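Summary of structural features
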Amino acid sequence: MTGLLIRLFIKHPGRTSDQRVREAYGVLGGAVGIVCNLLLFAVKLSVGLLTGSIAVMADAVNNLSDAGSSVIALFGARLAAKPADDQHPFGHGRMEYVAGLVVAVIIIAVGLNFFKSSVERIVEPAEVHLSPVLFIFAACSIPVKLWMLFFYRNIAKRIDSAVLRATAFDSLSDILTTLVVLISLYTSTLTTFPVDGIAGVVVAAMVVVGGVKVVRDTINPLLGEAPDRALVEKLVDKVLENPDICGIHDLMMHNYGPGRYFATAHAEVNSDADPVSIHDSLENTEREVALSLPVRLVLHCDPFEKDDPEYKKWRIAAVGTAHGFDARFQVYDFRMSHAAGSLLLRFDLLVPRDCPAKPAELREMFQRELEKYGERVKVSIRIEHAFV
């Protein structure tokens, strides 16, 4: 069914890097959610009114909120596909995250409202009237929601959509919610204990917890989270394919929506190379990255004396000292100069954010270790913490 819908409503479904294709997927997901959830709302509300079950009515309104969320997701996909303009030079891709956050707020609001109503039903129980036909109608939502779960997961994976991942999770929570409601609906006919109200409280709590999770998943990229490590490694490997680039550091990546990364980095090149040739070489790498990865990259030229044997000796010593302390340490912007009878080594040291050593301790350690290679050496280090 999912494949049929994709073939019917999306042209060139494999071109997920194309913003028009992403938009089409988002619109399809929103439309499916609106239709399915409105139908489920109508069925469950009818069952809830006929049986008098607060849990079933809570589940019905949960589907109505899902339909409203699908409307928001649909418009979020349309807005995210808008091209860059003067006010938004990096595009509107983050609108998907904003839409996902609105979805989460709606989920939480509905859950809190029915938590209150369910507590009132526990305090003042009401009789539930159930027939086999009504029970079957209420149970019909489970296969529908199960299909929607796999439908949204399929599309979310294709286009890396935070909104559709959130919607898939909501479909899973709806299945669990409906199971609880069905159990309470049947049990309520066997006892005077307020099972219906208790089930309503459980349903409401599950809805709120799910909403909080969606808030966390959508607000992190808005705040600025670390990029995917696999993507960073692919980017570094792609840049180092250029024979003119000997190393890369100071990489910073910013996310402006799913599949929209902007990055800057320092590329280490031979200081003796022709600057015009190096400029053209770095630009070629930027273009190759843009063609193979969802990243717009800008490279900064960072020259170093690649062929000087003394320079190579001290740089290797500094790098070896760094890796001896922590394999994640990186030495860059390495400079060497002679002054007042001493050899001055200046470089930047990139350390992880969780590095326990203090800057003064690191400088003392490098000074002590590098003195073993020559007594007159002096070390000047600028310590930076990694962005990624």
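Note that the structure is predicted; figures quoted are calculated from it, not measured.

**Considering the overall build of the protein chain**
Scanning the protein chain from N- to C-terminus turns up 12 helices and six strands. For 388 residues, the compact-globule estimate of 2.2 N^0.38 gives 21 Å, and the C-alpha radius of gyration of the protein chain, at 29 Å, exceeds that figure by more than 25%. The dimensions of the protein chain, computed from C-alpha atoms along their principal axes, are 95 × 45 × 35 Å. The buried share of the protein chain, reckoned over its 388 residues, is 45%. Considering only residue pairs separated by 6 or more positions, the protein chain has 68% of its internal contacts joining residues 24 or more positions apart.

**A closer look at the packing of helix H4 (residues 95-123) against helix H7 (residues 162-187)**
Two numbers describe how H4 lies on H7: the axes approach to 8 Å, and their chain directions differ by 25°. When the axes of H4 and H7 are compared, the pair comes out roughly parallel. In this structure, H4 contributes Glu96, Tyr97, Ala99, Gly100 and Ile107 to the contact, and H7 contributes Ala162, Val163 and Asp170. Tallied by class, residues from the contact of H4 with H7 come to five nonpolar, one polar and two charged.

**As for the confidence of the model for the protein chain**
Looking at the protein chain, the pLDDT average stands at 82 and 96% of residues meet or exceed 70. Per-element mean pLDDT across the protein chain ranges from 74 in helix H3 (residues 54-80) up to 91 in helix H10 (residues 275-292).

**A short note on the sheet that holds strand S3 (residues 295-304)**
Judged by pairing direction, the sheet is mixed, and its three strands sit side by side in the order S1-S2-S3 without closing on themselves. Looking at which strands have only one partner, the edges of the open sheet turn out to be strand S1 (247-255) and S3. On average, each strand axis in the sheet is tilted by 15° relative to the strand beside it, whichever way the strands run. Where S1 meets strand S2 (residues 261-270), seven bridges bridge the pair, whose relative direction is antiparallel. From the neighbouring strand, histidine 249 faces S2, where its bridge partner is histidine 266. Contacting S2 and S3, H10 runs over the sheet at an angle of about 150° to S3.

**Some remarks on the packing of aromatic side chains**
Think of a pair of aromatic rings as described by two things: how far the centres are apart, and how the planes are tilted against each other in angle. The tally for this structure, following the rule as stated, stands at eight aromatic pairs. Ring geometry for tyrosine 311 and phenylalanine 334: centres 5.4 Å apart, planes at 85°, overall edge-to-face. Taken together, the residues span a long stretch of sequence, with tyrosine 311 in helix H11 (residues 309-325) and phenylalanine 334 in strand S4 (residues 330-339) at a distance of 23 residues. For the residue pair tyrosine 311 and phenylalanine 334, the accessibility class agrees, reading buried in each case. Residues phenylalanine 334 and phenylalanine 347 carry aromatic rings whose centres are separated by 5.7 Å and whose planes lie at 20° to one another, so their mutual orientation is stacked. Of this pair, phenylalanine 334 sits in strand S4 while phenylalanine 347 sits in strand S5 (residues 342-351), and the two are 13 residues apart along the sequence.

**Overview of the side chain of threonine 285**
Turning to its location among the elements, threonine 285 is positioned in helix H10. Only 2.8 Å separates the side chain of threonine 285 from the side chain of asparagine 242, close enough to count as a polar contact. With near-sequence residues (within four places) excluded, threonine 285 lies in contact with Val239, Asn242, Ile245 and Leu299.

**Some remarks on the sheet that holds S5**
Read across the sheet, three strands follow the order S4-S5-S6 without closing on themselves; strand pairing throughout is mixed. Because the sheet does not close on itself, it has two edges, and the strands there are S4 and strand S6 (377-385). Adjacent strand axes in the sheet meet at a mean angle of 15°, parallel and antiparallel pairs treated alike. Most of the contacts of H11 go to S4, to which it runs at about 135°, and overall it touches S4, S5 and S6. Packed onto the sheet, helix H12 (residues 359-370) meets S5 and S6 and runs at close to 145° relative to S6.

**Section: a nonpolar patch on the surface**
Taken together, the side chains of Met1, Leu4, Leu8 and Phe9 make up a nonpolar region of the molecular surface, amounting to roughly 470 Å² of accessible area. Here phenylalanine 9 lies in helix H1 (residues 2-9).

**Some words on the pattern of salt bridges**
Enumeration according to the criterion identifies 10 salt bridges in this entry. Linking arginine 328 and aspartate 354 is a salt bridge whose minimum nitrogen-to-oxygen distance equals 3.3 Å. With arginine 328 in the loop between H11 and S4 and aspartate 354 in the loop between S5 and H12, the pair connects residues that are 26 residues apart, well separated along the chain. With relative accessibility at 52%, the residue aspartate 354 sits in the exposed group.

**Looking at H12**
With 12 residues, H12 extends 16 Å between its outermost C-alpha atoms, agreeing within 8% with the 16 Å of an ideal straight helix rising 1.5 Å per residue. Turning to H12, its buried residues number three or more, namely Leu362, Met365, Phe366 and Leu370. Along the long axis of H12, the arc covered by the buried residues comes to 115°, so they all point the same way. Turned more than 90 degrees away from the buried face of H12 sit Ala360 and Glu364, all of them exposed.

**Topic: the environment of serine 337**
Tracing the chain through its elements places serine 337 in strand S4. Distance from serine 337 to tyrosine 311, taken between C-alpha atoms, is 9.6 Å for residues 26 residues apart in sequence. Leaving out residues up to four positions away in the same chain, serine 337 has contacts with Ser342, Leu343 and Leu344.

What counts as what
- Residues numbered from 1 in each chain as written.
- Predicted model: local features only at pLDDT ≥ 70, side-chain atom pairs only at ≥ 80, totals over all residues.
- Heavy atoms only, no water.
- Helix = DSSP H or I, 4+ residues; strand = E, 2+ residues; numbered from the N terminus.
- Rg over C-alpha atoms; globule rule 2.2 N^0.38 Å.
- Buried < 20%, exposed > 50% of the residue type's maximum accessible area, 1.4 Å probe, protein only.
- Contact = heavy atoms within 4.5 Å.
- Axes fitted to C-alpha atoms, helices over the stretch in contact; angles between N-to-C directions.
- Parallel < 35°, antiparallel > 145°, perpendicular 65-115°, else oblique.
- Nonpolar A, V, L, I, M, F, W, Y, C, P; charged D, E, K, R; others polar.
- pLDDT = per-residue confidence, 0-100.
- Pairing = 2+ DSSP bridges.
- Phe/Tyr/Trp six-rings, centres within 6.5 Å; stacked < 30°, edge-to-face > 60°.
- Polar contact = N/O pair within 3.5 Å; in protein donor to acceptor, adjacent residues only side chain to side chain.
- Patch = residues over 30% accessible without salt bridge, like charges linked within 9 Å, V, L, I, M, F, W, Y side chains within 5 Å.
- Areas by Shrake-Rupley, 256 points an atom, 1.4 Å probe, with all protein chains shown as cover.
- Salt bridge = Lys/Arg side-chain N within 4 Å of Asp/Glu carboxyl O.
- Expected span 1.5 Å × (residues − 1).
- Arc of directions from axis to C-beta.

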